[in-house]
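Inside the fold
Single-letter residue listing:
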Amino acid sequence: MKNFTEEEKIKILSDMIAIKSINANEIEVANYLKDLFAAYGIDSKIVPVTDTRVNLVAEIGSGSPVIGVSGHMDVVSPGDESEWTSDPFTLTEKDGKLYGRGTNDMKAGLVNLALVMIELKENNELQNGTVRFMATTGEEVGGAGSKKLYEEGYMDDVDYLWVAEPSHDTIIYAHKGSLNLRVTSIGEAAHSSMPDQGYNAINPLMEYLLELDKKLNGDDRKNEVLGKLVMSTTIFNAGNQVNSVPEKAAAEINVRTIPEFDNDEVIDLFKTTADKYNKEGSKIDVEVTMSLPSVFTTGQSEMVDLAKELGKKYLDLEISVKGSPGVTDASNLLRDKDDNFPFMMFGPGETKMAHKTDEYVYKDYYFAFFDIYKALILGLSK
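Residues numbered from 1 in each chain as written. Predicted model: local features only at pLDDT ≥ 70, side-chain atom pairs only at ≥ 80, totals over all residues. Heavy atoms only, no water.

Turning to the sheet that holds strand β18 (residues 360–362), a few remarks are in order. If you walk across this open sheet you meet the three strands as β4-β5-β18, and the pairing is antiparallel. In this open sheet, the two strands that pair with only one neighbour each are β4 (92–94) and β18. Averaged over all pairs of adjacent strands, the angle between their axes in this sheet comes to 25 degrees, without regard to strand direction. Examined bridge by bridge, strand β5 (residues 97–99) and β18 share three bridges and lie antiparallel to one another. Counterpart to L98 in the pairing with β18 is V361. Packed onto the sheet, helix α3 (residues 103–122) meets β5 and β18 and runs at close to 50 degrees relative to β18. Contacting β4, β5 and β18, helix α9 (residues 363–380) runs over the sheet at an angle of about 65 degrees to β18. (Pairing = 2+ DSSP bridges. Helix = DSSP H or I, 4+ residues; strand = E, 2+ residues; numbered from the N terminus. Axes fitted to C-alpha atoms, helices over the stretch in contact; angles between N-to-C directions. Contact = heavy atoms within 4.5 Å.)

The structure is reproduced here in structure tokens:
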């Protein structure tokens, strides 16, 4: 029999927080988890994504149903570490909270999934079905890890999926897509006293962006759960010095998409608008740097109903069921699934704490979600 103590759960989370998997280095997290699984006789597989970035997949059980559980191994930068009240890569407990970069988003959820797998296997509790653990790389930037798992067929036979992102009081069953574009305008340099001798790259790019902002943010289409599409120009770079006409200007744009106004339509609009400007003498180029589609499911499933019951039992909370403007690896993992596919995002932590200085997860919630995940798997595999 194996029953992880609270001390063991804290120690393993502490080990994971100490691994600085800041938008990279997930291989160290994957190797840690692989060794942990191996110590209990669970085979796992490293799935390379690039030369330096990997996913990890592990399974217990056999046959149907196939329950997919997922979390990402990367974390965002802690920023200015002097602004933290404790070392961001040393798990620190204070006032019932566990502080550290990645405690909330989302190593607490990832550790719980792994430890539940081990207990189920060691205690021979999983009598039916398969649990497939999918730890991903690069979720914070680009989603390359989940895209690789989708392409290699790891979701083909999955019957349920939940992602253990932080959302302790809300089950997320649908979320917007996320699209990143880089738009570059090429002009010709000149002295600012003789602008007619060159071509200011800023001017057409500004006009282009304002036109698209009006078209996209002014569009009336609205999803019943997710609301309207949102476009934001977030980076703008141009020029080298104040008395020179810039020969190049570049902007980066993020668009949060909905099923009614999806990524393909937005990309087409960016490109056809660029074509219009280019025919008038501008030189505008559009590059898509990330494209994650929206996730829209009904939220009506045995899994969601059971998770709500378990949330009440172990957290003493009334769990709401909502859509979200954020994005998860489900954008890639659910690419071929229909609206009735059982999906949810549900995990220890709070959405508002993601990427914050002094990131924390409540210790009690960390422990409670271990019990929730175990009961959820056993309930779905009957």
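Glancing now at the packing of helix α1 (residues 6–18) against α9. Contact pair α1 / α9: the axes reach a minimum separation of 11 Å and the direction vectors enclose 105 degrees. Here α1 is positioned roughly perpendicular relative to α9, judged by the angle of their axes. Contacts from E6, K9, I10 and L13 in α1 reach K363, Y366, F367 and F370 in α9. Along the lines of polarity and charge, the residues of the contact of α1 with α9 split into five nonpolar, no polar and three charged. (Parallel < 35°, antiparallel > 145°, perpendicular 65-115°, else oblique. Nonpolar A, V, L, I, M, F, W, Y, C, P; charged D, E, K, R; others polar.)

Glancing now at helix α5 (residues 202–217). With 16 residues, α5 should cover 22 Å at 1.5 Å per step; its first-to-last C-alpha distance of 22 Å lies within 8% of that length. Residues of α5 that are buried include every one of I202, P204, L205, Y208, L209, E211, L212 and L216, and no others. Contacts made by the buried residues of α5 are with β9 (177–186), β11 (230–238), β13 (248–257), α6 (263–279) and β14 (284–292). (Expected span 1.5 Å × (residues − 1). Buried < 20%, exposed > 50% of the residue type's maximum accessible area, 1.4 Å probe, protein only.)

It is worth spelling out the pairing of strand β2 (residues 54–62) at this point. Both strand β1 (residues 44–48) and β2 contribute to a ladder of five bridges, which runs antiparallel. Bridging across to β2, K45 finds its partner in V57. Once β1 ends, the chain turns through five residues before running back antiparallel as β2. Across seven bridges, β2 lies against strand β6 (residues 129–136) in antiparallel orientation. Directly across from G61, in β6, lies its bridge partner T130.

Using the criterion set out here, one finds eleven aromatic pairs in the structure. Taking 5.4 Å as the distance between ring centres and 80 degrees as the angle between the ring planes, the aromatic pair formed by Y360 and Y362 counts as edge-to-face. Y360 gets classed as buried once you look at its relative accessible area, which sits at 11%. Looking at Y362, the relative accessible area reads 29%, which means it is partly exposed. Taking 5.6 Å as the distance between ring centres and 35 degrees as the angle between the ring planes, the aromatic pair formed by Y366 and F367 counts as tilted. We note that Y366, like F367, is buried. Members of the aromatic cluster, joined through ring pairs, are Y99, Y360, Y362 and Y365. Positioned above the aromatic ring of F370, the side-chain terminus of K9 is 3.7 Å from the ring centre. Here the guanidinium or amino end of K97 rests over the ring plane of Y360, the centre of that ring lying 4.4 Å away. (Phe/Tyr/Trp six-rings, centres within 6.5 Å; stacked < 30°, edge-to-face > 60°. Lys NZ or Arg CZ within 6 Å of the ring centre and 35° of its normal.)

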